[in-house]
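The chain contents come next:
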Amino acid sequence: MKRLLPIFLAAAWLLFSSFTIHLMGDSTMAEKDLAKAGPERGWGMMFQNFLNPDAVKVINYAQNGRSTKSFIDCGLWSKVLESVQPGDYVFIQFGHNDSKQSDSTRYAAAFGAYQDNLRLYIDGVREKGGTPVLLTPVARRWFKENGLDRNCHGDYPAAMKQVAEGKGVVLLDVTTATLDWLEGLGDEASRAYFMISTGKDDNTHTVACGARKVTETVCSLIKEQIPEIAEHLVSYHIVVSADGHGDYMTVQEAVNALPNYSHKEISTVLIRNGVYKETVNIPHTKFRVHFIGEDAENTVITDGRYAKQNWPGRDFPVGTSGSATIYIHASYITFENITFENSAGEGKDIAQAVAVFTDGDFLFFKNCRFLGNQDTLYTYGRFGKFGGIKRNYFLDCYIEGTTDFIFGTSIAYFENCRIHSKKNSYVTAASTLQGQKYGYVFKNCKLTADPGIDKCYLGRPWGAYAKTVFIDCELGGHILPEGWHDWEKEGKPDTKKNSFYAEYGSTGPGARGPRVKWAHTIKQSQLKDYTFEKVMFQKEDGIVWNPYDNR
């Protein structure tokens, strides 16, 4: 029982430390029907991107056209009140539509019904054990001959401030903050943030970059006034969301927006859950980037090109190298919690179909999934004047395929990974260059297979000087006793002599032998030569790589 007590306490702490922020407001905050709204975004759509989802959940009740009055009359206030739990926060932001005197369904006088409705909201939230927070409305982009109209909301911001003072409620003065922002930008530059940039005469509603700016403004005010929420704020330079809740809806758009030759700063890109069906190309100019998926199982980048299909409008096939879902030519790139897939399938008419093509140096993949069939992971890694030996690190990853599904020239270190065979064939096909000390190193990995698969080789040499080493790996029964295949053929002689295939500490049914005579066994005294630090260090550049500070 004593051992379980810390677990119970940790679970209780997590339960009571998490809370929900409920958003009440109008179109400047609301969710949008993208088919109708086009590029229009409410800032409430972006808000979750700035909060740790493990601690804070956001529910957005805001709707287009709502005022403090109509929000009650259409039943939205009742929904909010029903869902508020002790410890929750309710953000209340109205003013755009309350001022419409010609519309009796929405109008609420600033120093009359508007204030009464705000007090009703505050009292209701407090009765449920929640904390109300008032936000003055987002400024309108009203530029006139003499500059920005700072009185775009009339008496409503002042009326809300009066209620906040009287009821002892935190007030975030979004109106003043966004007015200052717009005034600083000026008329011309501020157009890009509003729907006016799309050709509409709309100075109220924002596009994605405007919604992000408003969200950043709200978060800045939270940092100053609400420390309990501020401790859960997070920040990403770019957010990708297939459903429109980010800066961009595709990964390639995010890549294109990254700075070129960023020597001073690592750019962070959050990719929200979704299926992104696209080919992604990260050019060499877009280095120092950390791509973070929301969840490895549900953040999927997929495409279905394959080697034997022709290029569009051409009469020659794309080939192996042209079939990838994602091309990574840049260096110092980290990927975390992402699935990469080639969905082309498998067969003679398909042939090779690459999910990931790595051509950069110092690439770090953490908790990622690589799905495909033949040639899933291509560690291309050119050598010579284009950048020398390329290094890849795969930690806690899942990699599946049929034939040669981990192959290429790069130095690659696989640690705590699951390597899954879907066909009786070959797991690896290294093409390590002559004179290169290391090729592939698998450390503490687990090799598994589909049911019925029982005749797989650990590897065969795509190039005559292939190097592949397995250390302390658990090998399933699908691995053949001989372990390795020489793949000697015309133009590639003496692979038995020139390649280096070795193991140390293999366990599981696939560790049985005897192995081929030309395979090697690593001695315990040699293990020091196969640490991550040793494998990744190259005297040509002298760089000691820390993948957790991937600069």
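All values reported here derive from a predicted model rather than from experimental measurement.

## Brief notes about the overall build of the chain
Then comes step 1: Helix and strand counts for the chain stand at 13 helices and 33 strands.
Then comes step 2: If you line up the chain on its principal axes, its C-alpha atoms span 90 × 65 × 45 Å.
Then comes step 3: Burial status across the chain gives 55% buried among its 551 residues.
Then comes step 4: The contacts in the chain between residues at least 6 apart in sequence include a share of 72% that link residues at least 24 apart.

## Regarding the pairing of strand E21 (residues 391-395)
Then comes step 1: When you tally the buried positions in E21, you get 5 out of 5 residues, the bulk of the element.
Then comes step 2: Side chains of E21 alternate between two faces, with Arg 391, Tyr 393 and Leu 395 and Asn 392 and Phe 394 buried alike.
Then comes step 3: Strand direction decides the pairing type here: strand E18 (residues 363-366) and E21, joined by 4 bridges, are parallel. Of the residues in E21, the one forming a bridge with Lys 366 is Leu 395.
Then comes step 4: The pairing of E21 with strand E24 (residues 411-415) spans 5 bridges and is classified as parallel. Along E24, the bridge assignment pairs Asn 392 with Ala 412.

## Considering the pattern of salt bridges
Pairing is possible between side chains that carry opposite charge, provided their charged atoms lie close to one another.
Then comes step 1: For the structure on display, the rule yields 27 salt bridges.
Then comes step 2: In this structure, the salt-bridge partner of Lys 32 is Glu 40, at a minimum N-O distance of 2.8 Å. Accessibility classification places Lys 32 together with Glu 40 in one group, the buried group.
Then comes step 3: When the shortest N-O distance is used, the salt bridge between Asp 173 and Lys 161 registers 3.2 Å.

## Concerning the packing of aromatic side chains
Then comes step 1: Within this structure, the stated rule accounts for 45 aromatic pairs.
Then comes step 2: Each ring, one from Tyr 378 and one from Phe 407, has its centre 4.2 Å from the other, and the planes form 20 degrees; the classification is stacked. Taken together, the positions of Tyr 378 in strand E20 (residues 377-379) and Phe 407 in strand E23 (residues 406-408) put the pair 29 residues apart, joining distant regions of the chain.
Then comes step 3: Relative accessible area serves as the criterion here: at 7%, Tyr 378 is assigned to the buried category.
Then comes step 4: Owing to a relative accessible area of 3%, Phe 407 belongs among the buried residues under this scheme.
Then comes step 5: Pairing Tyr 378 with Trp 462 gives two aromatic rings, centres 5.9 Å apart and planes at 55 degrees, and the pair type is tilted. Of the two residues, Tyr 378 is situated in strand E20 and Trp 462 in the loop between strand E29 (457-459) and strand E30 (467-471); the sequence distance between them amounts to 84 residues.
Then comes step 6: Over the aromatic face of Trp 487 sits the side chain of Arg 460, whose NZ or CZ is 3.7 Å from the ring centroid.

## Here we look at the sheet that holds strand E2 (residues 56-60)
Then comes step 1: Taken together, the 5 strands give an open sheet; going across it, the order is E2-E1-E3-E4-E7, and neighbouring strands pair in parallel fashion. Looking at which strands have only one partner, the edges of the open sheet turn out to be E2 and strand E7 (170-172). Across the sheet, the mean angle from the axis of one strand to that of its neighbour is 25 degrees, orientation sign disregarded.
Then comes step 2: In this sheet, E2 lies alongside strand E1 (residues 19-25) in parallel orientation, the contact comprising 5 bridges. Pairing of His 22 across the sheet is with Ile 59, part of E2.
Then comes step 3: Packed onto the sheet, helix H5 (residues 113-127) meets E1, strand E3 (89-93) and strand E4 (131-135) and runs at close to 155 degrees relative to E4.
Then comes step 4: Contacts from helix H9 (residues 208-225) reach E3, E4 and E7, with the element oriented near 150 degrees to E7.

## Some points on the sheet that holds E30
Then comes step 1: One open sheet holds the 11 strands; their spatial order is E8-E9-E12-E15-E18-E21-E24-E27-E30-E32-E33, and the pairing between them is parallel. With one partner strand each, in any of the chains shown, strand E8 (238-240) and strand E33 (520-521) form the two edges of the open sheet.
Then comes step 2: Relative to strand E27 (residues 440-443), E24 is paired through 4 bridges, and the arrangement is parallel. Bridge pairing in E27 links Tyr 413 to Val 441.

Scoring rules and cut-offs
- The residue count restarts for each chain, going from 1 along the sequence in the order it is written.
- pLDDT decides what is reported in this predicted model: residues at 70 or higher carry local features, side-chain atom pairs at 80 or more are listed and counted, and totals for whole chains, interfaces and linings draw on all residues regardless.
- For side-chain calculations, the full set of non-hydrogen atoms in the structure is used, while hydrogens and water are omitted.
- Numbering of helices and strands starts at the N terminus; helices are DSSP runs of H or I of at least 4 residues and strands are runs of E of at least 2.
- A 1.4 Å probe rolled over the protein chains alone gives each residue an accessible area, and that area as a share of the maximum for its type sets the label: buried under 20%, exposed over 50%, partly exposed in between.
- Only heavy atoms enter the contact rule, under which two residues are in contact if any of them lie within 4.5 Å.
- Should DSSP find at least two bridges between two strands, the strands are regarded as paired.
- We count a salt bridge whenever a side-chain nitrogen from Lys or Arg sits within 4 Å of a carboxyl oxygen from Asp or Glu.
- Only the six-membered ring of Trp is used, alongside the rings of Phe and Tyr, when aromatic pairs are assigned; centres must lie within 6.5 Å, and planes under 30 degrees apart are stacked while those over 60 apart are edge-to-face, with the rest tilted.
- Cation placement over rings: the criterion is NZ of Lys or CZ of Arg within 6 Å of the ring centroid and within 35° of the ring normal.
- Every axis in this analysis is a line fitted to C-alpha atoms, fitted for helices over the stretch in contact. Angles between the N-to-C directions lie between 0 and 180 degrees.

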